[in-house]
Amino acid sequence: MVNDFIFELGCEELPSGSVWPLADEFANQLLAALDKAQLSYGQVKRFATPRRIAIAIFDLQEEQKSQNVTRRGPAVAAAYDKEGKPTQALLGFAKSCGVEVEQLSQIQTEKGDWIVFETRSQGNKTKKLLPALVNQSLAALPIAKPMRWGAGDEEFARPVHWAVMLYGDEVIEHTLLGIKSGRDSRGHRFHHPQHIAINSAQSYESQMNEAFVLADFSTRKQMIKKQVEELAASIQATAIMPEDLLDEVTSIVEWPQALMANFEKEFLEVPAESLIASMQSHQKCFALKDKQGKLLPHFITVSNIASTNPKQVILGNEKVMRARLSDAAFFFKQDKKLPLSQHIPGTEQVVFQAKLGSLKDKALRIEAMMTYLSPALHLSLHQAQRAAQLSKCDLLTGMVGEFPELQGLMGYYYALNDGEDQGVAQALNEQYMPRFAADSLPKSDLGLTLSLADRIDTLVGIFAIGQKPSGVKDPFKLRRHALAVVRLLIATSAQLNLITLIEQAIIHYGTQISVEPNLSNELKSFILERLQSYYQGQGLSVDLVYAVRARQDDWLYDLDKRLSALQLFVKLPEAASLSAACKRVNNLLSQAGRQTLSPVNEQLFTEEPEKFLYIHINQVERAVETLYRSADYGPLLKLLASLKEPVDLFFDKVMVMVEDRAIKANRLALLARLQDLLQGVADISLLQMG
């Protein structure tokens, strides 16, 4: 037998960032507890609004299944003495089971005969188990700053006011977080503040809907998205709807009503990004742009009430928005009065990291790295040094102080306002790219170099002071910086070796830090771990990456080219055979000790297949020489496929480990030449080809 279960916890408005995560984690914890209790169930629905988290579990098993339980005691040989009387071991086992010796039985196993106690365990009723399982699931929630209320010791993210717990149509009475459970819920705070008697899990969502609460987070989110898009389309505009903002708005309303509002065109003189940041960060509103991507003097707000006088709601929002945008305009106007370069002295007073110095110290190290990198990337030395000098100046401006997410971007606008070089201004914005895993890379070489220099400096410094990531803790976002370094190095054809960059950054720190001897290799390994994750995220098999890393793990641009070629090679029909042959060659050479081998002597060939292989190796070696110089790895690997026939024939007809030492050594030398060819681009013996 099965029945439906509904649980709802009602409280004061939750922090927007906690609404869905709390509801989702509670559901995960409860379902895990049901699984552990061996209770089956069907469909599950999670609900989350600012004032409630809830879960509906349909077709939940009414009771645990009864089970036959066999408890094993002592071996039969140890259960009775020579006279056939029960030993203390047997008597103690019977007592622990609460039965007489006569009620015990025996079983035969491969390891002998044993005394056992067999009984049938009656399963518990689900409704008796649910209160404890709910309590356990609530206690496991990750609440960063729990609150207390009233005179009790109960804690939750916000004060709790009601709890609904029904199995079928029956209330499961229980006291949790100081509240006695029942069937009474609440509707919308303003549209339906009175109690609602929930009938069942089946009726919960529709009853909430009637009380002006869209309880399903996804449904509410889609409704907001649809309303905003329709309003935007009404004026031939497109709404700027980042996913995190849409989630946040969904988390602060229960009955969404999107409304169009306006602001004065004069504000459009402020950089659009500043206005958008103000709308999103402070007002949780959606900015609008035209078909050309230009910001429009309109915005969409999402109200939590269906007002009878929406114009008043709009006017209220416009008034608040006007104040917010005025702040942004004020910061922009004030910031422009002082050139970016005038902030350079001020960066000396701002700590980058206590043990690594100030922002000015960091900028000086970046400048030194830019000076070092300029020749390799064919940069203007003056531009490179100027970009480094100004790189941290916008952090001291009012706009970035108010909107930290605009760092770099405001540097770009202020640099242009100051008459700085266009390339320098662009680099100031691009220094923080990529800002996240899927973000765009800098478009200019100057911006790419500035971003690379900044991140390498951070990685070296933080590793040197012993603050590298531990487990899930990564306060300096070093994994993100390492991934950015990987992507930046893959994107530039300049021969920038990873280990050299690390060592150069160490030099630029001078005596400011104490460097452990293994720091360079440790940091390189850390960055290459991100490289591994980067390629796995693109769907590449791990063995392909390892195969290439065995031959190239320092110049990442070259590594990427090799990997692209290897992806095509493994699709060739000859690839599996050559990979297997490479493994065999490695084993033979490993057994023999390759360091003792002499050059191949044609006079010692006694079999046609070894002559045949030798001819082909010579031909391929000559052909690949030019391809290596041009790093044309695709055709190079394809050329190796031509070795399949002579290699297969060699291993079919030729015995390598023969008695004659000279012939054996000569054949091993031939295989060494073959190994160099097969493993030149990547160690194909590492490929997992079934």
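All residue numbers here refer to positions counted from 1 along the written sequence of the relevant chain. Only residues with pLDDT of at least 70 get local features here, since the model is predicted, and only at 80 or more are side-chain atom pairs given and counted; chain-wide, interface and lining totals rely on the full set of residues. Hydrogens and water molecules were not included; the side-chain quantities draw on all heavy atoms of the structure.

1. So, the domain arrangement of the protein chain
At step 1: Residue ranges for the domains trace back to a domain assignment, done automatically or taken from a database. Assigned domains of the protein chain: these are domain 1 (2–63 + 126–211), domain 2 (67–121), domain 3 (217–336), domain 4 (342–539) and domain 5 (566–686).
At step 2: With centres defined by C-alpha atoms, the gap from domain 2 to domain 4 works out at 71 Å.

2. Here we look at empty space enclosed by the protein
At step 1: Using only the protein atoms, space was sampled on a 1 Å grid; points where a 1.4 Å probe fits but cannot get out form cavities, open sets with protein on both sides within 12 Å along at least five of seven lines form pockets, and lining residues are those with an atom within 4 Å of a point. Grid points are joined across faces, edges and corners, and a volume is the space filled by probe spheres set on the points. Scanning the entire structure with this criterion turns up one cavity of 30 Å³ or more.
At step 2: What the largest cavity holds in volume is close to 40 Å³.
At step 3: Forming the walls of the largest cavity are Pro434, Arg435, Phe436, Ala437, Arg480, Leu483, Ala484 and Arg487.
At step 4: By the convention adopted, Pro, Cys, Tyr, Trp, Phe, Met, Ile, Leu, Val and Ala count as nonpolar, Lys, Arg, Asp and Glu as charged, and the other residues, Gly among them, as polar. Across the lining of the largest cavity, the residue classes tally to five nonpolar, no polar and three charged.

3. Structural notes on the side chain of Asn317
At step 1: Relative to the helices and strands, Asn317 is located in helix 9 (residues 310–336).
At step 2: Contacts described as polar in this section are N or O atom pairs within 3.5 Å, which, within protein, must combine one atom able to donate a hydrogen with one able to accept it, while residues neighboring in sequence count only if both atoms come from side chains. In this structure the side chain of Asn317 is engaged in a polar contact, spanning 2.9 Å, whose partner is the backbone oxygen of Val313.
At step 3: A contact between two residues is defined here by any heavy atoms of the two lying within 4.5 Å. Filtering out sequence-adjacent residues up to four positions away, Asn317 remains in contact with Phe299 and Thr301. In DSSP terms, a helix is any run of H or I states spanning at least four residues, a strand is any run of E spanning at least two, and both are numbered starting from the N terminus.

4. Examining the packing of helix 15 (residues 445–464) against helix 17 (residues 498–509)
Between two packed helices, both the angle of their axes relative to each other and the distance between the axes serve to describe the pair.
At step 1: Where helix 15 contacts helix 17, the two axes come as close as 9 Å, and the packing angle between them is 75°. By the angle class used here, helix 15 and helix 17 are roughly perpendicular. Between helix 15 and helix 17, the contacting residues are Leu452, Ile456, Asp457, Val460 and Gly461 on the first element and Leu501, Ile502, Ala505, Ile506 and Tyr509 on the second.
At step 2: Considering only residue class, the contact of helix 15 with helix 17 consists of eight nonpolar, one polar and one charged. The axes are straight lines fitted to the C-alpha atoms, using for helices just the contacting stretch, and the angles between their N-to-C directions are given from 0 to 180°. Here roughly perpendicular refers to angles of 65 to 115 degrees, roughly parallel to angles under 35, roughly antiparallel to angles over 145, and oblique to all remaining angles.

5. Observations regarding the environment of Cys11
At step 1: Structurally, the position occupied by Cys11 is in strand 1 (residues 2–11).
At step 2: Taking the C-alpha atoms as reference, Cys11 lies 8.9 Å from Ala163; in sequence the two are 152 residues apart.
At step 3: When sequence neighbours within four positions are dropped, the list of residues in contact with Cys11 reads Arg51, Phe156, Arg158, Pro159, Val160, His161 and Trp162.

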